[in-house]
Amino acid sequence: MTTTPTTKQAAAPAGGQDTAPAREQRAASTGGPDTASTGGQDTAPAREQRAASTGGPDTASTGGQDTAPAREQRAASTGGPDTASTGGQGTPSTTGQGTAPTGGPDSAPAADQDTASEEPPDPGARHRLTAVTGLAALSLDAMASVAYGPEAIVLVLAAAGGYGLGFTLPVTLAIAGLLAVLVASYRQVIAAFPDGGGSYAVARAHLGRRTGLVAAASLVLDYVLNVAVAVTAGVAALTSAFPGLYGDRLWICLAVLVLITGVNLRGIVDSARAFLVPTAVFVGAILVMVVVGLFRDAPVSTAASAGRASVLAEDATTVGALLLLKAFASGCSALTGVEAIANAVPSFRAPAARRAMRAEIALGALLGVMLVGLSVLISRFGLQPVEGVTVLAQLADASLGHNWGFYVVQFATMVLLALSANTSFGGLPVLLKLLARDDHVPHVFALKADRQVHRHGVVWLAAVSAALLVLSGGDTNTLVPLFAIGVFVGFTIAQTGMVLHWRRERGPRWAGKAALNGLGAVLTGVSALVVTATRFHDGAWLIVVALPLLVLGFETVHRAYGRIGERLGVGRIPDPPHRERSLVLVPVSSLTRLTSEALTAAVSLGDEVRAVTVCHPDAEDRAAGDALERDWALWDPGVPLVRLPSARRSLGRPISAHVRELRAADPGTRVTVLIPEAEPEHLWQRLLQNQRGAVVAHAVRRDTDAVVCRLRFRLGTP
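All of the points below concern the structure found in this document.

Rules of the game
Residues numbered from 1 in each chain as written. Predicted model: local features only at pLDDT ≥ 70, side-chain atom pairs only at ≥ 80, totals over all residues. Heavy atoms only, no water. Axes fitted to C-alpha atoms, helices over the stretch in contact; angles between N-to-C directions. Helix = DSSP H or I, 4+ residues; strand = E, 2+ residues; numbered from the N terminus. Parallel < 35°, antiparallel > 145°, perpendicular 65-115°, else oblique. Left-handed = near helix turned anticlockwise from the far one by under 90°. Nonpolar A, V, L, I, M, F, W, Y, C, P; charged D, E, K, R; others polar. Core = buried A, V, L, I, M, F, W, Y, C linked by side-chain atoms within 4.5 Å. Buried < 20%, exposed > 50% of the residue type's maximum accessible area, 1.4 Å probe, protein only. Contact = heavy atoms within 4.5 Å. Salt bridge = Lys/Arg side-chain N within 4 Å of Asp/Glu carboxyl O. Pairing = 2+ DSSP bridges. Right-handed = clockwise from strand over helix to strand, strands pointing away.

Remarks on the packing of helix H22 (residues 485-505) against helix H23 (residues 510-535)
Then step 1. Interhelical geometry of H22 versus H23 gives an angle of 160° and a closest axis separation of 8 Å. With respect to H23, the element H22 is oriented roughly antiparallel. When the axes of H22 and H23 are compared, the crossing they make is left-handed.
Then step 2. Its residues assigned to classes, the contact of H22 with H23 shows 13 nonpolar, 10 polar and 2 charged.

As structure tokens, then:
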């Protein structure tokens, strides 16, 4: 037999004479040596109490004898080096001013790489990433973008004919320069904000809470769209090779999504290991293709584009700045995913910041080499875009020939495009954890499983992405216009925030660093405006609408948690506990061993115990009530039986009404409703139960402030 008490007064268990030591123990167990950086002496208990109140005032109903261990397990599950709180300007804490996040103005030394090396040993290191596995887990989006980034540039410049295509390499070099700026900037973001969050963390520290929410919303939208676009693009490559599968593309997309979700539910390290080989094959194939192509004087084969119509316009005498700007903005789609490593720093092994910085540099180097190399080949071979064949396929054909090497590049591209959705599964759950910690999304997103998996974030991302796939019918062209806008907004906010970071810190060479970030902010800001304007009528307006709505949702959740925290007195020392007269009500409908066990537990809990039974006016129920009353008198348990007449066929409302009457008559009495329930030996036998206990518990919790205890009698126990 087990008892599972639940209560609507979630703050009550926090009391007791052991409140202070219990709070101290919880604060000590909230995770990792970084907890001290939360700022404010009451922040740790405040966060713990907020975590305990995740479900609102009814959260304590999950407890019982398991309440304390469950709370301890939740605190332990959010621990590790990545649990340092960023505080929150709107968080109901004792400071009132909010606490500065790690790496804010008060943590300037964190920008030094040596700080990362001081992190303590991580007991869950085997479930965290190294620099190499971090590349496989978090850079697939950026790596796969070389399949469509150069093509996006060529298609725009093709409007100016062959003369316009001559600007492919200069535009790519400009994008590579921006890539270098972004990598250098996000490397500094990683060092300054080792708790992850990327542009959200930067904006929250230096641009204010609401700007941080704009950055977070843009990242959330980009991550969700990245999953849908990546899966549909990969499946589109598959259906191009096998046209017979085109009619089933939606089901194939959903199957790929289920596969990626399942791998990520096992942990980010398992997903990195699973995707390491496809990543290595793709990068190796592209680099081999570039090197071989540099030794070619002319295309070795044009079989892939033979007989295809060219999309090249007539030669123009000049190329306008607007066309070059549009080509630059379109090519910047190759930069999506650069921010993912900075968002997921806590997923790396200690020293996490140093490993993440190495992965960021490696990503920038590989991506830059591949982009510039492909653009050189485009210019070298005089490639022209044609209908039905990708630019990458033409380059593989021209460089390697129409042989097995060509098909290796195509197959590797197809696989990596589909798997590039994994970047979102690595970055978004960590971002949602930070938002949950700051009370902007439900606290359930902060919970972590044994394998360092934020499962609720993974499942939520998969569900929303599946809905997008269904709505779009698995069509890439429907989703592409929405893509990349969010990431440019995040880029711009992060760069702007880092300018303020350097101005406040004023360390060595701060002016040069600020200038570099300022240049990046201008370039990415212009790109964001150009991309939004050029794609607005193609569907980008949805992002313009969704972004403020998502921010509004964050604010709504934050205000709700603020009201809950105020009611619970989060961050304040509660009044000392005191004893009240207690009355325990036990709903009964018959005399069984369960009734005896319930009354035994009740007399152990309260000063006074009463059994209550609901009686309805029909003859059958009146007869059953009279029989129960006679049997009760014969049994004589020393507990009075109170009949509650009800004109309606209701069970919970009469009991809750009786509780309200008792409270009104004696406000100083603490009423507890103890509901006895049989726990069947087998799971399927729960279908045989009438669920009366759940009905009564729901009514009492909804209509009264009484304590609800649900006593479960295990039928398997002799």
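Overview of the nonpolar core
Then step 1. If you look at the biggest cluster of nonpolar residues, it comprises 139 residues, and the most contacted ones within it are Ile286, Met289, Leu335, Val338, Leu395 and Leu435.
Then step 2. No other element matches the 15 residues that helix H11 (residues 209-241) contributes to this core.
Then step 3. Beyond its immediate stretch of four places on either side in the chain, Ile286 contacts Met370, Leu374, Leu392 and Val409.
Then step 4. Listed in part, the 17 residues of the second largest apolar core include Val584, Ala602, Ala611 and Leu674.

Considering unusual backbone geometry
Generally, phi is negative for residues other than glycine and the peptide bonds are trans, each holding for most cases.
Then step 1. The step from Ala350 to Pro351 runs through a cis peptide bond, and the omega angle for that step is -5°.
Then step 2. Mapped onto the secondary structure, Pro351 falls in the loop between helix H15 (340-343) and helix H16 (352-381).
Then step 3. If you check the backbone angles, Asp439 has positive phi at about 70° while not being a glycine.
Then step 4. In this fold, Asp439 is placed in the loop between helix H19 (422-437) and helix H20 (455-472).
Then step 5. Phi angles above zero are rare outside glycine, and Asp636 is one such case at about 50°.

Considering the packing of H16 against helix H17 (residues 391-400)
Then step 1. Between H16 and H17, the shortest axis-to-axis distance is 11 Å and the interhelical angle comes to 65°. By the angle between their axes, H16 is roughly perpendicular relative to H17. As H16 packs across H17, the resulting crossing turns out to be left-handed. Contacts between H16 and H17 involve Leu374, Leu377, Ile378 and Phe381 from the first element and Val391, Leu392, Leu395, Ala398 and Ser399 from the second.
Then step 2. Partitioning the contact of H16 with H17 into residue classes produces 8 nonpolar, 1 polar and no charged.

Some thoughts on the pattern of salt bridges
Then step 1. Within the structure shown, the criterion is met by 19 salt bridges.
Then step 2. Glu555 serves as the salt-bridge partner of Arg209, at 2.8 Å between the closest nitrogen and oxygen. Of the two residues, Arg209 sits in helix H11 while Glu555 sits in helix H24 (residues 541-568), which places them 346 residues apart along the sequence. Pair check on accessibility: Arg209 and Glu555 agree, each one buried.
Then step 3. Here Asp626 and Arg643 are joined by a salt bridge, their closest N and O atoms 2.8 Å apart. One end of the pair, Asp626, is in helix H26 (residues 619-635); the other, Arg643, is in strand S4 (residues 641-645), and 17 residues separate them in sequence.
Then step 4. A single salt-bridge network, built from bridges that share partners, covers Arg581, Glu608, Arg610 and Asp666.

Focus: the pairing of S4
Then step 1. With 5 bridges joining them, strand S3 (residues 608-615) and S4 adopt parallel strand pairing. Bridge assignment links Cys615 to a residue of S4, and that residue is Pro645.
Then step 2. Each parallel crossover has a hand, and the one from S3 via H26 to S4 is right-handed.

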